[in-house]
Amino acid sequence: MRRVLGFVTSRYGLAGLVALLIIVIVVVGRVAGVVGGGSGHDDAAVPVTGGTQAGAGATESGAPNDGPTGAPPTPSPVVPAGKAGPVAVATSFTTAYLDSNGPAKTWRAALRRYATDKLAGELGTMDPATVPAQRRTGAAKLGDHGAHWAQVAVPCDSGTLTLRLLGDGDGWLVDGIDWAPAS
């Protein structure tokens with residue numbers, strides 16, 4: 001008996017008793033419908049009829065709504081009135097980018113109107129003869145995006161041109177170019 005009392009009064013024995021007490025409380029609470037959703041007879045639940053919510057703050061099961069469960073919705077790109085959106089700018093940029101048969105100075109000037117200062121500086125050293133495609137083969141498609149940034153993929157004859165665009169209050173400009181050759 002001394003050994004049992006010695007063990008029960010030790011820190012391990014006391015921790016075991018506390019754990020056992022918690023388990024008993026949880027089991028009794030679940031059986032009684034108090035803990036973890038209960039038996040479905042919660043007076044605060046709002047009933048659902050006809051497949052629609054009967055009140056704000058309730059889910060279809062009638063349980064209270066704790067807030068959003070998924071990722072927040074992606075905002076649409078902000079397009080100032082009278083300005084082109086990211087897909088239109090990407091299409092125009094791609095047309096100018098693929099028209100690389102003329103003089104380099106003319107080619108760069110055509111791209112400059114659709115590019116950020118950063119990209120225009122990078123294109124200033126690029127040889128138009130290194131453009132990896134000749135023509136578009138499909139419509140530009142909006143990819144990942146936010147209110148003020150977007151990625152647009154443009155299918156071309158030898159791969160896909162992916163453009164990164166930035167939007168501010170004045171419109172959209174191409175800020176980066178990625179190329180993925182056709183496999």
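Before reading on, note that the structure itself is shown above.
Model, not experiment: these values are computed from the prediction. (Residues numbered from 1 in each chain as written. Predicted model: local features only at pLDDT ≥ 70, side-chain atom pairs only at ≥ 80, totals over all residues. Heavy atoms only, no water.)

Enquirer: I'm lost on the overall build of the protein in this one. Help?
Expert: In terms of helices and strands, the protein carries five helices and six strands. Ordered by position from the N terminus, the helices and strands of the protein form the series α-α-β-β-α-α-α-β-β-β-β. Long-range pairs, those at least 24 residues apart, make up 41% of the contacts in the protein between residues at least 6 apart in sequence. By element, 59% of the accessible surface of the protein is carried by carbon and sulfur atoms, the whole surface being about 12200 Å². (Helix = DSSP H or I, 4+ residues; strand = E, 2+ residues; numbered from the N terminus. Contact = heavy atoms within 4.5 Å. Areas by Shrake-Rupley, 256 points an atom, 1.4 Å probe, with all protein chains shown as cover.)

Enquirer: Can you walk me through the pattern of salt bridges in this structure?
Expert: Two side chains of opposite charge can pair, provided their charged atoms sit close to one another. According to the stated counting rule, one finds three salt bridges in the structure shown. In this structure, D178 engages R164 in a salt bridge whose closest nitrogen and oxygen atoms are separated by 2.7 Å. One end of the pair, D178, is in strand 6 (residues 171-181); the other, R164, is in strand 5 (residues 159-168), with 14 residues separating them in the sequence. Given a relative accessible area of 37%, D178 falls into the partly exposed group. R164 sits in the partly exposed class, given a relative accessible area of 29%. (Salt bridge = Lys/Arg side-chain N within 4 Å of Asp/Glu carboxyl O. Buried < 20%, exposed > 50% of the residue type's maximum accessible area, 1.4 Å probe, protein only.)

Enquirer: In this structure, what is going on with the sheet that holds strand 3 (residues 141-145)? I would like to understand it.
Expert: Strand pairing in a sheet takes place through backbone hydrogen bonds and is either antiparallel or parallel in direction. Sheet architecture is open: four strands sit in the order 3-4-5-6, paired in antiparallel fashion. The sheet is open, and its two borders are formed by strand 3 and strand 6, each paired with just one other strand. Along the sheet, successive strands turn relative to each other by an average axial angle of 25°, direction set aside. In the sheet, strand 5 pairs with strand 6 via ten bridges, with the strands oriented antiparallel. Bridging from a neighbouring strand, T160 pairs with A180 of strand 6. (Pairing = 2+ DSSP bridges. Axes fitted to C-alpha atoms, helices over the stretch in contact; angles between N-to-C directions.)

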